[in-house]
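Letter by letter, the chains look like this.
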Amino acid sequence: MIKNSYPNLSNMKSHGKGKLVSAERVDALEKELIKFLLNWQGNVRAGADFGCGFGRVSTIASILGYRVFLFDSLDLTEHFQQISNALSLEKLIFKQVNLEKLQRTDLQPISFALLQRVIHYLPYENAVNLLSLIYEKMVSGGKVFATISTPESEFAKSYPCANVPLEKRFCKIENEKDRLRFDVLSPVCLYSKKEAENLFSKAGFKKEHSEQSRFGNIKMIYYRP
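Residues numbered from 1 in each chain as written. Predicted model: local features only at pLDDT ≥ 70, side-chain atom pairs only at ≥ 80, totals over all residues. Heavy atoms only, no water.

Topic: the nonpolar core
Our working rule: Residues enter a nonpolar core if they are buried and are Ala, Val, Leu, Ile, Met, Phe, Trp, Tyr or Cys, with the set joined through side-chain atoms within 4.5 Å. When a residue's accessible area, from a 1.4 Å probe over protein chains only, is under 20% of the maximum for its type it is buried; when over 50% it is exposed; and in between it is partly exposed. Here a helix means four or more residues in a row that DSSP labels H or I, a strand means two or more in a row labelled E, and each is numbered from the N terminus. We call two residues in contact when some of their heavy atoms are within 4.5 Å.
Judged by nonpolar contacts, the single largest core of 35 residues is most densely connected at Phe50, Phe71, Leu115, Ile119, Ile134, Tyr191 and Phe200. For this core, the secondary-structure elements that each account for two or more residues are β1 (46–50), β2 (67–72), β4 (110–116), α4 (124–137), β5 (138–149), α6 (193–203) and β7 (217–223). In terms of residues, this core owes the most to one element, α4, which gives 6 residues. Beyond its immediate sequence surroundings of up to four residues, leucine 115 is in contact with Phe50, Leu130, Ile134, Val144, Phe145, Ala146 and Thr147. In terms of nonpolar packing, the next biggest core, distinct from the first, is built from 24 residues, Phe36, Trp40, Ile83 and Phe94 among them.

Let's talk about the pairing of β5
Selection criterion: Should DSSP find at least two bridges between two strands, the strands are regarded as paired. A crossover counts as right-handed when, viewed with the strands pointing away from the observer, the path leading from the first strand over the helix to the second turns clockwise.
Of all 12 residues in β5, 9 are buried, a share of seventy percent or more. In the sheet, β4 pairs with β5 via 6 bridges, with the strands oriented parallel. Each bridged residue has a counterpart across the sheet, and for alanine 113 the counterpart in β5 is valine 144. A crossover connection joins β4 to the parallel β5 through α4; in handedness this β-α-β unit is right-handed. Where β5 lies against β7, 7 bridges are found, and the strand directions are antiparallel. Counted as the bridge partner of phenylalanine 145 is isoleucine 221 from β7.

Concerning the packing of aromatic side chains
Basically, it comes down to this: In this analysis, rings of Phe, Tyr and Trp, with Trp reduced to its six-membered ring, are considered paired at centre separations within 6.5 Å, and the interplanar angle assigns stacked below 30 degrees, edge-to-face beyond 60, and tilted for intermediate values. Only when the NZ atom of a Lys or the CZ atom of an Arg is both within 6 Å of the ring centre and within 35 degrees of the ring normal do we say a charge sits over the ring.
The tally for this structure, following the rule as stated, stands at 9 aromatic pairs. Ring centres of phenylalanine 36 and tryptophan 40 lie 5.3 Å apart, and the angle between their planes is 40°; on these two criteria the pair is classed as tilted. Each member of the pair, phenylalanine 36 together with tryptophan 40, is buried. Taking the centre distance of 6.3 Å and the plane angle of 55° together, the rings of phenylalanine 200 and phenylalanine 205 count as tilted. Look at phenylalanine 200 and you get buried, because its relative accessible area is 0%. Within the aromatic cluster, the residues linked to one another by ring pairs are Tyr135, Phe200, Phe205 and Tyr222. Above the ring of tyrosine 66, the side-chain terminus of arginine 45 is found at 4.2 Å from the ring centroid.

Examining the state of the cysteines
The condition is simple: Put simply, a disulfide is two cysteine sulfurs that come within 2.5 Å.
Applying the stated rule across the entire model yields 1 disulfide. Residue pairing for cysteine 161: its cysteine sulfur links by disulfide to cysteine 171, the two sulfurs lying 2.0 Å apart. The sign of the -95° torsion about the S-S bond sets the cysteine 161-cysteine 171 disulfide as left-handed. Of this pair, cysteine 161 sits in the loop between β5 and α5 (176–182) while cysteine 171 sits in the loop between β5 and α5; the two residues are 10 residues apart in sequence, bridging distant segments of the chain. Overall, the relative accessible area of 7% leaves cysteine 161 in the buried class. Since its relative accessible area comes to 15%, cysteine 171 is described here as buried.

Points about the confidence of the model for the protein chain
Rules: Scored from 0 to 100, pLDDT records how confident the predictor is in each individual residue.
Residues at a pLDDT of 70 or more form 89% of the protein chain, whose mean pLDDT is 90. Here residues 1–17 is a poorly scored stretch, pLDDT under 50, and it has 40 contacts once near neighbours within four places are set aside; other chains count.

A look at the packing of helix α1 (residues 28–39) against helix α2 (residues 56–63)
Just so we agree on the cut-off: To define axes, lines are fitted to C-alpha atoms, for helices over the stretch in contact only, and angles between the resulting N-to-C directions are given on a 0 to 180 degree scale. Orientation categories follow fixed angle ranges, with anything under 35 degrees roughly parallel, anything over 145 roughly antiparallel, 65 to 115 roughly perpendicular, and all other angles oblique. In this classification, the charged set is Asp, Glu, Lys and Arg, the nonpolar set is Ala, Val, Leu, Ile, Met, Phe, Trp, Tyr, Cys and Pro, and all remaining amino acids, among them Gly, are polar.
Close contact between α1 and α2 brings their axes to 11 Å; oriented N to C, the two are set at 10°. Regarding the angle of α1 to α2, the classification is roughly parallel. Residues Glu30, Leu33, Ile34 and Leu37 of α1 lie in contact with α2, whose contacting residues are Val57, Ile60 and Ala61. Here the residues of the contact of α1 with α2 are counted per class, giving 6 nonpolar, no polar and 1 charged.

Some remarks on the pairing of strand β6 (residues 206–212)
Pairing of β6 with β7 involves 6 bridges; the strand directions are antiparallel. Counted as the bridge partner of serine 210 is methionine 220 from β7. Between β6 and β7, which pair antiparallel and follow one another directly, the connecting turn spans 4 residues, one of which, glycine 216, has a positive phi of 90°.

Laid out in structure tokens, this is it:
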């Protein structure tokens, strides 16, 4: 069963980039992605999951017949091989890589992209480059589903560089208890809602939906015209 092939989260080594929640639940944004997958009529049935974690929703996409490219700094090769074997899937393509080092050849044409709580772990320039690559590879009508954290996020109460210009805004949470509690050990570039929207618009995407949750995270759906 697929449930049993997910690792025990308590035994996983911390990677310092937030809790690995992708094996625990499918959130409202990912449900919107599933709706998109069910209704997509385009010829390209492929997508990408950046900072994929355990990739529950990407596994669902694969079951629905989509080819999915998955990228994470953790080595999850064995996990996705187990999933593929258990469900007789050949469409989950995982690569262990830091997103700053992602190459254009790592990605083929896609109709969707998922970026759950990952963009703010990149320096601003790298985030711009990543979205530019996604835009380049995405077909017209394709959509990006993203969650980005803000300085109002629960873990960011001691974020020291909220007022630093985006180009230089990359620092660690000051409070050690918050860093450990939320496993946010790496530097982050947190965005206001307007700044996050400008990031996607700068890449050429058009807004379908953008809202800030009560936990301080921005849930975004953007599409390529």
